[in-house]
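Chains, contacts and geometry: an overview
Residues per chain, in single letters:
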Amino acid sequence: MKNPLYSFSDENPCPRFPELDNALADPNGLLAIGGDLSEKTLLDAYAKGIFPWYETGQPILWWSPDPRCILLPGKMKISRSLRKTLRKGHFTVTLDQAFSQVINRCAGPRKQQSGTWITADIFRAFLHMHRQGHAHSVEVWHQDTLVGGLYGLAIGKVFFGESMFSGMTDASKVAMVTLSQVLSDWGYELIDCQVHNPHLESLGASCIGRQQFRTYLDRLCVQKASPVAWQQHANTALQCHE
């Protein structure tokens, strides 16, 4: 029998996350409730395969779904139509130039979806993580207008993707292709996409078991990729190729 849902308490100032096997099957992956969004807590959670996902008015909910959706850097599927988009060169791609704008756009309203999981607390926590060098963004521009992008956390040789947005056709895909290429160049070995969706599958994402994912993290999160790569490229327009 599964243990009851783990709840952090005020009496436990240094909480530890429960083992992933304690996650609920329904809803898939719900592991713990409460706690905080401090830098230490977030780094600990993500390195263990756990992430926060909740709506305004709810306590912090921590998840580790099974299976887990992943992408391998440099191994993305690029469709014929996306290749045409890349060849046209209409987009300019940058890194870490508009982090707060990207996360704000990711929090915006979407079709067939009410509300957002990017709460004010999540926004503040990830903005802090960005300022500390842990969270990063990819921006896609068209004629100086931000039209697409994504953001996430980088730990060791893993990039934990959080959210993306697209204001023009293929803009978010261009962001993903560029991210995949630069991470491959920098020695990253895994992109965490959290949960499956058709958009990610079309780009080559696949699903693996939760314990296999955790095994990858135990090996990759303690390794170093290119520690200054993000900073070196922060003010450079990147060329996205096929």
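Keep in mind that this is a model prediction, so the values were computed, not measured.

Rules used in this analysis
- Residues numbered from 1 in each chain as written.
- Predicted model: local features only at pLDDT ≥ 70, side-chain atom pairs only at ≥ 80, totals over all residues.
- Heavy atoms only, no water.
- Helix = DSSP H or I, 4+ residues; strand = E, 2+ residues; numbered from the N terminus.
- Expected span 1.5 Å × (residues − 1).
- Buried < 20%, exposed > 50% of the residue type's maximum accessible area, 1.4 Å probe, protein only.
- Core = buried A, V, L, I, M, F, W, Y, C linked by side-chain atoms within 4.5 Å.
- Contact = heavy atoms within 4.5 Å.
- Salt bridge = Lys/Arg side-chain N within 4 Å of Asp/Glu carboxyl O.

Once that is clear, we can look at helix α5 (residues 171-185). A rise of 1.5 Å per residue sets the reference length of α5, with its 15 residues, at 21 Å; its end C-alpha atoms lie 21 Å apart and thus fit the reference within 8%. For α5, the tally of buried residues reaches twelve of 15 residues, placing the bulk of the element in the interior. When we look at burial in α5, the residues that qualify are Ala171, Ser172, Val174, Ala175, Met176, Val177, Thr178, Leu179, Ser180, Gln181, Val182 and Leu183. Phi turns positive, to about 90°, at Gly187, one or two residues after α5.

What follows is about the nonpolar core. Membership of the largest hydrophobic core comes to 46 residues, with the highest contact counts inside it found for Leu37, Tyr46, Trp62, Phe126, Tyr151 and Phe160. Per-element accounting of this core gives the leading share, five residues, to helix α4 (residues 120-131). Counting 33 residues, the second-largest nonpolar core is a separate cluster that includes Leu82, Leu95, Ala175 and Ala229.

With that settled, the discussion passes to the environment of Leu37. Following the sequence through the fold, Leu37 ends up in the loop between β2 (30-33) and α1 (39-47). With a relative accessible area of 14%, Leu37 lands in the buried category. Sequence separation between Leu37 and Ile122 is 85 residues; the distance between their C-alpha atoms is 7.5 Å. If sequence neighbours within four positions are ignored, Leu37 has contacts with Leu42, Pro52, Tyr54, Ile60, Trp62, Asp121, Ile122 and Ala125.

What follows covers the pattern of salt bridges. The full count for this structure, using the stated rule, is six salt bridges. The salt bridge involving Lys157 is made with Glu189; its shortest N-O contact spans 3.9 Å. Here Lys157, found in the loop between β8 (145-155) and β9 (158-166), pairs with Glu189, found in the loop between α5 and β10 (190-194); they are 32 residues apart in sequence, far enough to count as distant. Residue Glu189 is classed as partly exposed on the basis of its relative accessible area of 33%. Members of the salt-bridge network, linked through shared partners, are Lys157, Glu189 and Arg219.

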